[in-house]
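Residues per chain, in single letters:
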Amino acid sequence: MGHVTELHLHLDGSLRPETVWELAKEQAITLPAESAEEVKYKMEVPEDCRTLEEYLERFDLPLLVLQRADAIERVTYELVEDLAKEGVDYAEIRFAPQLSVNGGLTQDEVVEAAIRGAERGMKAYPEIRVGLILCCMRGADNEALNMQTVETAKKYLGPVVCAVDIAGAEGLFPTENFAPVFAKVREYGIPMTIHAGEAAGPDSMKTALSFGTKRIGHGVAAINDPELIRRLIDGNVTLEVCVTSNYHTKVVPAIEMHPIHKLLDEGVHVTVNSDNRTCSRTTLQKEKEVFKE
């Protein structure tokens with residue numbers, strides 16, 4: 001069967017809805033839902049989703065219950081368990097520590113909790129290895145928070161924490177705004193992957209490459225830019241492609257119009273990933289089936 005690898009997977013988009021429901025009860029948080037079933041419905045992307053911004057709204061609900069260390073540890077463990085049971089043997093799980101500091105945790109404490117969950121998962125399921133990628137966020141006034149994420153990544157970089165990323169509303173906050181953050185990442189020698197070429201065009205990918213990244217999350221916009229495709233091949237850059245998610249955020253108008261096959265035919269190094277298991281109602285297995293079509 002070979003190696004089953006998942007490189008682009010968001011923790012907060014992949015929670016078990018029943019866990020979110022249970023955590024809310026435990027933490028006495030009132031959710032905008034009356035049952036675990038309704039929580040599931042609110043965590044899933046609507047069939048008629050029109051934009052990346054609309055898709056990202058699905059993360060608001062899970063984040064309500066991810067402000068406590070025990071909750072972060074639990075959901076990280078559960079995701080490792082879910083992946084192991086599906087036969088994934090290497091996974092990198094990404095999340096933004098700054099989105100879990102509303103209850104008084106520091107970014108360091110958020111990451112420590114996720115590391116505990118990941119380590120516990122690997123102990124229970126020795127057949128899987130996982131790494132954690134810490135996401136900075138695209139936003140208007142969050143440079144201090146992003147810089148803190150980079151400091152946290154530097155502090156915990158090791159067997160579990162493996163890289164830094166930037167995620168969020170790419171169309172609203174261009175990649176070049178985050179040059180100072182990635183200058184720091186480069187200075188510290190932290191590996192990086194960057195969301196680019198999803199909601200924004202090829203320029204966002206060129207900016208990401210100028211930061212020195214060897215991996216790009218999504219990157220489907222490259223298909224219309226032969227010169228960029230050449231750069232990806234020459235630079236040995238890996239694209240983390242998420243087909244179902246790209247359809248949900250209307251990066252592609254239909255699954256069968258996804259450029260993944262064209263990118264592969266051109267010689268670009270492409271991996272298949274699920275992005276958000278709960279939000280996009282998918283698994284790596286389903287993505288591989290979609291990809292074969």
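Predicted model only: the values in this text are computed from it and were never measured.

Calculation notes
- Residues numbered from 1 in each chain as written.
- Predicted model: local features only at pLDDT ≥ 70, side-chain atom pairs only at ≥ 80, totals over all residues.
- Heavy atoms only, no water.
- Helix = DSSP H or I, 4+ residues; strand = E, 2+ residues; numbered from the N terminus.
- Buried < 20%, exposed > 50% of the residue type's maximum accessible area, 1.4 Å probe, protein only.
- Contact = heavy atoms within 4.5 Å.
- Areas by Shrake-Rupley, 256 points an atom, 1.4 Å probe, with all protein chains shown as cover.
- Lys, Arg positive; Asp, Glu negative; His and termini not counted.
- Charge placed at Lys NZ, Arg CZ, Asp CG, Glu CD.
- Salt bridge = Lys/Arg side-chain N within 4 Å of Asp/Glu carboxyl O.

K.L.:
So what's going on with the overall build of the chain? Which residues, and what values?
P.N.:
What the chain contains, in helices and strands, is 13 helices and eight strands. Dimensions of the chain along its principal axes, counting C-alpha atoms only, are 55 × 40 × 40 Å. Burial status across the chain gives 58% buried among its 293 residues. Look at the contacts in the chain between residues 6 or more apart in sequence, and 71% of them connect residues 24 or more apart. Total accessible area on the chain stands at roughly 12,300 Å², and carbon and sulfur atoms take up 53% of it. For the chain, the distance from the average position of its 31 positive side-chain charges to the average position of its 48 negative side-chain charges is 3 Å.

K.L.:
Would you mind going over the side chain of E287 in detail, with residue names and values included?
P.N.:
Mapped onto the elements, E287 comes out in helix α13 (residues 284-292). As a buried residue without a salt bridge, E287 has its nearest oppositely charged side chain in K286, at a separation of 8.4 Å. The contact partners of E287, leaving out residues within four places of it in the chain, are C242, V243, T244, V272, N273, S274 and T282.

K.L.:
Explain the pattern of salt bridges to me, using residue names and the numbers behind them.
P.N.:
Side chains bearing opposite charge may pair, as long as their charged atoms lie close to each other. For the structure shown, the criterion picks out 23 salt bridges. Of the charged contacts in the structure, one is a salt bridge between E22 and R74, with a shortest N-O distance of 2.8 Å. Placement of the pair is E22 in helix α1 (residues 17-26) and R74 in helix α5 (residues 69-85), with a sequence separation of 52 residues. Given a relative accessible area of 37%, E22 falls into the partly exposed group. Across the pair K42 and E38 runs a salt bridge, and its minimum N-O distance is 3.8 Å.

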